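Below, each chain spelled out in residue letters.
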Amino acid sequence: MAVSRRNRFAYMLVLPSVILVACLNLVPLVQGVVTSLQAQNMTRPDPNAFVGIQHYIDALFYQVDFWSSLGKTFIWTIGSVAGAYVLSLALASLLNLDIKFRNFFRAVFLIPWVVPDVVTALIWKWLYNDDYGVINFVLRGMHIRGIHWLSDTHLAMLSVIIAQVWKLYPLMTVVLLAALQNVPKELHEAASLDGASAWQRFLYVTLPMIRTASISITLLTGIWTFQNFDLVYLLTGGGPADATEILPTFIYQKAFFTLDLGYASALGILMLLIILACSSLYLLVSRPNSQPA
Amino acid sequence: MTQAAVTAAPDIDIFSAANVRRWLLWLLIYVVLGIAIVVLIFPVFWMVSSSLKPSTEMFARNMTMLPKVLSWQNYIAVWTQTPFPTYFFNSFKVAAISTILALIVSMYAAYAMARIDFPGRGLFGVALLVTQMFPGILFVIPLFLIIKELHLFDTHYALIIAYVAYSLPFSIWMMRGFFAAIPMELEDAAAVDGATPLGTLHRVILPLSGPGIAAVTMYNFIRSWNEFLFALVFLQSTDLFTLPLGLASFQEEYSFRWDLLMAGASSVSLPILVVFMFMNRFIVQGLLGGAVKG
């Protein structure tokens, strides 16, 4: 059957986008899978030798560093998203009150969102600086000395999470504020008539009403954080002693320093599968059962 | 209903206990907001403040919040004694070209997605969403191999292609929404007047979606301007570096010159911050599809 003229017109309009999206997503995905099944170690002969699922077996059963890196990636992701969510919900609730200059406040709170990742990393590196950083200067005033924010293995993860929270909270605040503004005032009034305290209204009226927005924005920022490379790479480079070696920096290191492109690709595919699995699980678990939203 | 606290009768005594409590509550709210602003914006303030201090003050024992004397010497040094202007130009070039290309390509696709129910439309829509989940680090390895194969390694073409394809899914989704919101009657009227479908898109739909298109364009520009990983992997020659990459390389080169680094960091952020301050309402409303009330 001939394609109708209208549909042919549509295909002409969509075609360039389809080609570009396919070239940058589908082709690399296929190439990535292929690479992950090849030796592809640039330092050894015959990079195209087929090794089957050897890299996957290595990663899952023989190399401990994959699992330890995965664990750190979860700490990094959950810590950053949870921290940013609590902060954003507090800010959005404040901004949702009948305050003056709301637009001004919202605009100022949004600033970190547009600061480039590289700049974010530089700023925090300077704030955390051991000798001349302003954080340690303030702490010295309180007679707390010698805190090495980025080079102490116990603190480094917390330090990079704080920087990521600073990066994530603006967008979350805007989205949560938009959701809060859509909660009908009548619901709150009805609840206070029934004798609900402010805290109870927050728990039983506000939170269920912003459930959908909360799930979407935490899922989205979670996916972003899970695969974020820039901030950790620039702040600690995965160190000290691998304390912040999350999957993206670990894969980069394997691919472009030890030149193990095959192994690194296998790790990348595993990472994609983990993201897909976790996202589905998250959506499944948080599916609204009775609450409308 | 009349018993509710919110509808208390107008009180003549403004110093009544209830009123004082309410004033204190509002005072507390503004104080908390003020503290939040100071803490959360401090990193940006500190970057700018540090960039304007001469190095003697910057590394002094007694820290000053604001520079005692405004000193532009860090900026002058960064802009005249380092390849910073080249990086700036490269970034602008790559971001501008890829943003414009992405706009043109996505605009037509978005129009088809919004108006024509062609077979495969749903599938393409889902495919666009799925690409947003793909980790950049997974794609950078195969792309690196492909780009080498195509002899595009260490060129701006590689970056431009990557940024266009990167911006497309988001742009198509957003613009599809804007286009779909325009009443069909306007298009029908144009068709009656003899306009071709493309003519309708150019002369009716696009002018009416101006604010939305501007928001999407700004967003894409900012994303390309800030992008780091692809630039890190695809570029090798320093004279091709974009700002994020240049700044990161400064960090290795001048690791103790925080005065210069902060001047560089401010120079990278300032154009974006200025555009953002002017257009923030626009961007926020455009991206949330008008869900935000003023």
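Starting from 1, residues in each chain are numbered consecutively following that chain's sequence as written. A letter from A marks each chain and a number from 1 marks each ligand, given out in the order of writing. Residues qualify for local features only when their pLDDT is at least 70, as the model is predicted, and side-chain atom pairs are given and counted only at 80 or more; totals for whole chains, interfaces and linings, by contrast, use all residues.

Chemist: Describe the environment of Ala243(A), with residues and values.
Modeler: All names here are of chain A. By the element assignment, Ala-243 lies in the loop between helix 11 (230-235) and helix 12 (247-256). With 93 residues separating them along the chain, Ala-243 and Leu-150 place their C-alpha atoms 9.9 Å apart. Remark: residues whose backbone-derived C-beta atoms lie within 7 Å of one another are considered to be in contact. Discounting chain neighbours no more than four positions away, the residues touching Ala-243 are Thr-153, Ala-156 and Met-157. In DSSP terms, a helix is any run of H or I states spanning at least four residues, a strand is any run of E spanning at least two, and both are numbered starting from the N terminus.

Chemist: Could you give an account of the interface of chain B and chain A, with specific residues and numbers?
Modeler: How big an interface is tends to be expressed through the accessible area that disappears when the partners come together. Tallying the contact residues gives 74 residues for chain B and 72 residues for chain A. For the side of chain B that touches chain A, the element with the highest residue contribution is helix 13 (residues 258-287) of chain B, accounting for 13 residues. Nonpolar residues are Ala, Val, Leu, Ile, Met, Phe, Trp, Tyr, Cys and Pro. Charged residues are Asp, Glu, Lys and Arg, and all others, Gly as well, are polar. When the residues that make up the side of chain B that touches chain A are grouped by side-chain class, the tally is 63 nonpolar, 9 polar and 2 charged.

Chemist: Let's hear about the nonpolar core: which residues, and what values?
Modeler: Defined on buried residues, the nonpolar core groups Ala, Val, Leu, Ile, Met, Phe, Trp, Tyr and Cys residues joined through C-beta atoms within 7 Å. With C-beta atoms placed from the backbone, a residue counts as buried when 20 or more other C-beta atoms lie within 10 Å of its own, as exposed when 12 or fewer do, and as partly exposed for counts between those limits. Core analysis: the largest hydrophobic core is formed by 154 residues, its most contacted members being Leu176(A), Leu267(A) and Ala162(B). Residue ranges labeled as domains rest on an automatic or database domain assignment. Composition of this core by domain shows at least three residues from each of domain 1 (5-73) and domain 2 (75-287) of chain B. Not counting chain neighbours up to four residues away, the residues in contact with Leu176(A) comprise Ser88(A), Leu89(A), Ala92(A), Ile210(A), Ala213(A) and Ile217(A).

Chemist: Break down the packing of helix 10 (residues 211-226) of chain A against helix 13 (residues 261-285) of chain A for me, citing the residues and quoting the values.
Modeler: When two helices pack together, their arrangement is given by the angle between their axes and by how far apart the axes lie. Residues and elements named next belong to chain A. Axis lines are fitted to C-alpha atoms, over the contacting stretch for helices. Their N-to-C directions set the angle, which ranges from 0 to 180 degrees. Put simply, helix 10 and helix 13 touch, their axes get as near as 11 Å, and they point 160 degrees apart. In terms of orientation, helix 10 lies roughly antiparallel with respect to helix 13. Along this stretch, helix 10 crosses helix 13, giving a crossing that reads as right-handed. In this structure, helix 10 contributes Leu-219, Ile-223 and Phe-226 to the contact, and helix 13 contributes Ile-275, Ser-279 and Tyr-282. Per-class residue counts for the contact of helix 10 with helix 13 are 5 nonpolar, 1 polar and no charged. Should an angle lie under 35 degrees it is considered roughly parallel, over 145 roughly antiparallel, and from 65 to 115 roughly perpendicular; all remaining angles are considered oblique. Each crossing is labelled by how the near helix is turned from the far one, with a counterclockwise turn of less than a right angle marking it left-handed and a clockwise turn marking it right-handed.

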